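# Summary of structural features
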Amino acid sequence: MPNRILVPVDLADPANTQAVLAGAVKQWNTLKDPELILMTVVPEMVAGLDWRYAIRGETGGSEEWDVKKALKATIAHLNDVAADQIPDGVTFKTVARHGTVYEEVLEVAKELQVDQIVIGAHRPKASDFLLGANAARIVRHATCSVTVIRN
């Protein structure tokens, strides 16, 4: 049975994505029969926010919103990023979902029966201590080990 590592990345934060992918590859190299699963989440859009801007972490907009089109563009972007940053010989799969980040990550982890989640975390802000960031929610609710990478 493979050792599955789920790696949620925020494509709008290239520096953090690079650090998380590097950390995940280190984990991959230590395991027997590893399986690396990269994922990203297209957040739920407020009316008028165009998905083409959202996947780049920008705001702007139009009234167009096609979830299937957004997921297709996002998975293509994730594959490009992975191809640039994952070393040769490291095999991986990619997944894109639409919704609330922490809920989708936890759902994919459960569906794929992952053994570990490797996730990035930004420096905490005062509001994070009260509301909880995505990484904190994933750590609290995951049913597997979670490694948090800070850049």
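Residues numbered from 1 in each chain as written. Predicted model: local features only at pLDDT ≥ 70, side-chain atom pairs only at ≥ 80, totals over all residues. Heavy atoms only, no water.

### Thoughts on the overall build of the protein
- Each helix and strand in the protein was counted, giving six helices and five strands.
- The helix and strand sequence of the protein, counted from the amino end, reads β-α-β-α-α-β-α-β-α-α-β.
- Every one of the 151 residues in the protein was classed for burial, and the buried ones make up 41%.
- Sequence separation of at least 24 residues holds for 69% of the intrachain contacts in the protein that already meet a minimum separation of 6.
- Total accessible area on the protein is roughly 8,700 Å²; 51% of this is exposed by carbon and sulfur atoms. (Helix = DSSP H or I, 4+ residues; strand = E, 2+ residues; numbered from the N terminus. Buried < 20%, exposed > 50% of the residue type's maximum accessible area, 1.4 Å probe, protein only. Contact = heavy atoms within 4.5 Å. Areas by Shrake-Rupley, 256 points an atom, 1.4 Å probe, with all protein chains shown as cover.)

### What about the side chain of Arg-4?
- Here Arg-4 is to be found in strand β1 (residues 3-8).
- Among the polar contacts made by the side chain of Arg-4, one reaches the side chain of Glu-35 at a distance of 3.5 Å.
- Setting aside residues up to four positions removed in sequence, Arg-4 forms contacts with Glu-35, Ile-37, Leu-112, Gln-113, Val-114, Asp-115 and Gln-116. (Polar contact = N/O pair within 3.5 Å; in protein donor to acceptor, adjacent residues only side chain to side chain.)

### Some words on the packing of helix α4 (residues 101-111) against helix α6 (residues 134-141)
- Where α4 meets α6, the axes come as close as 9 Å, and the angle between the chain directions of the two elements is 35 degrees. The handedness of the crossing between α4 and α6 is right-handed. Within the contact between the two elements, α4 uses Val-101, Tyr-102, Val-105 and Leu-106 and α6 uses Asn-134, Arg-137, Ile-138 and His-141. (Axes fitted to C-alpha atoms, helices over the stretch in contact; angles between N-to-C directions. Left-handed = near helix turned anticlockwise from the far one by under 90°.)

### A look at the sheet that holds strand β4 (residues 116-121)
- An order of β3-β2-β1-β4-β5 is seen for the five strands of this open sheet, with the pairing classed as parallel. The sheet terminates laterally at β3 (92-99) and β5 (145-150), the two strands that pair on one side only. Neighbour-to-neighbour, the strand axes of this sheet turn through a mean angle of 25 degrees, independent of strand direction.
- Of the strands in this sheet, β1, β2 (34-43), β4 and β5 touch helix α1 (residues 14-30), which is tilted by about 155 degrees from β4.
- Here α4 sits on the sheet and contacts β1, β2, β3 and β4; the angle it forms with β3, its principal contact strand, is near 135 degrees. (Pairing = 2+ DSSP bridges.)

### What to know about unusual backbone geometry
- Although it is not a glycine, Asp-33 sits at a positive phi angle of roughly 55 degrees.
- As for its placement among the helices and strands, Asp-33 is situated in the loop between α1 and β2.
- You can call Asp-33 partly exposed: its relative accessible area is 43%.
- Despite not being glycine, Gln-113 shows a phi value in the positive range, around 50 degrees.
- Along the chain, Gln-113 turns up in the loop between α4 and β4.
- Taking relative accessible area as the criterion, Gln-113 reaches 52% and is therefore assigned exposed.

### Considerations on the side chain of Thr-40
- Residue position: Thr-40 is located in strand β2.
- By relative accessible area, Thr-40 is classed as buried at 4%.
- Contacts of Thr-40, omitting those with residues within four sequence positions, involve Val-9, Leu-11, Thr-74, Leu-78, Val-95, Ala-96 and Arg-97.

### Description of the pattern of salt bridges
- Inspection of the entire model under this criterion finds five salt bridges.
- With a closest N to O distance of 3.0 Å, Lys-93 and Glu-35 form a salt bridge. On the criterion of sequence distance, the pair formed by Lys-93 in strand β3 and Glu-35 in strand β2 is long-range, its members being 58 residues apart.
- Classification of Lys-93 by relative accessible area gives partly exposed; the value is 48%.
- Residue Arg-97 is joined to Glu-104 by a salt bridge in which the shortest nitrogen-to-oxygen separation is 3.6 Å.
- Three or more residues joined by partner-sharing salt bridges are found here, namely Arg-97, Glu-104, Glu-107 and Glu-111. (Salt bridge = Lys/Arg side-chain N within 4 Å of Asp/Glu carboxyl O.)

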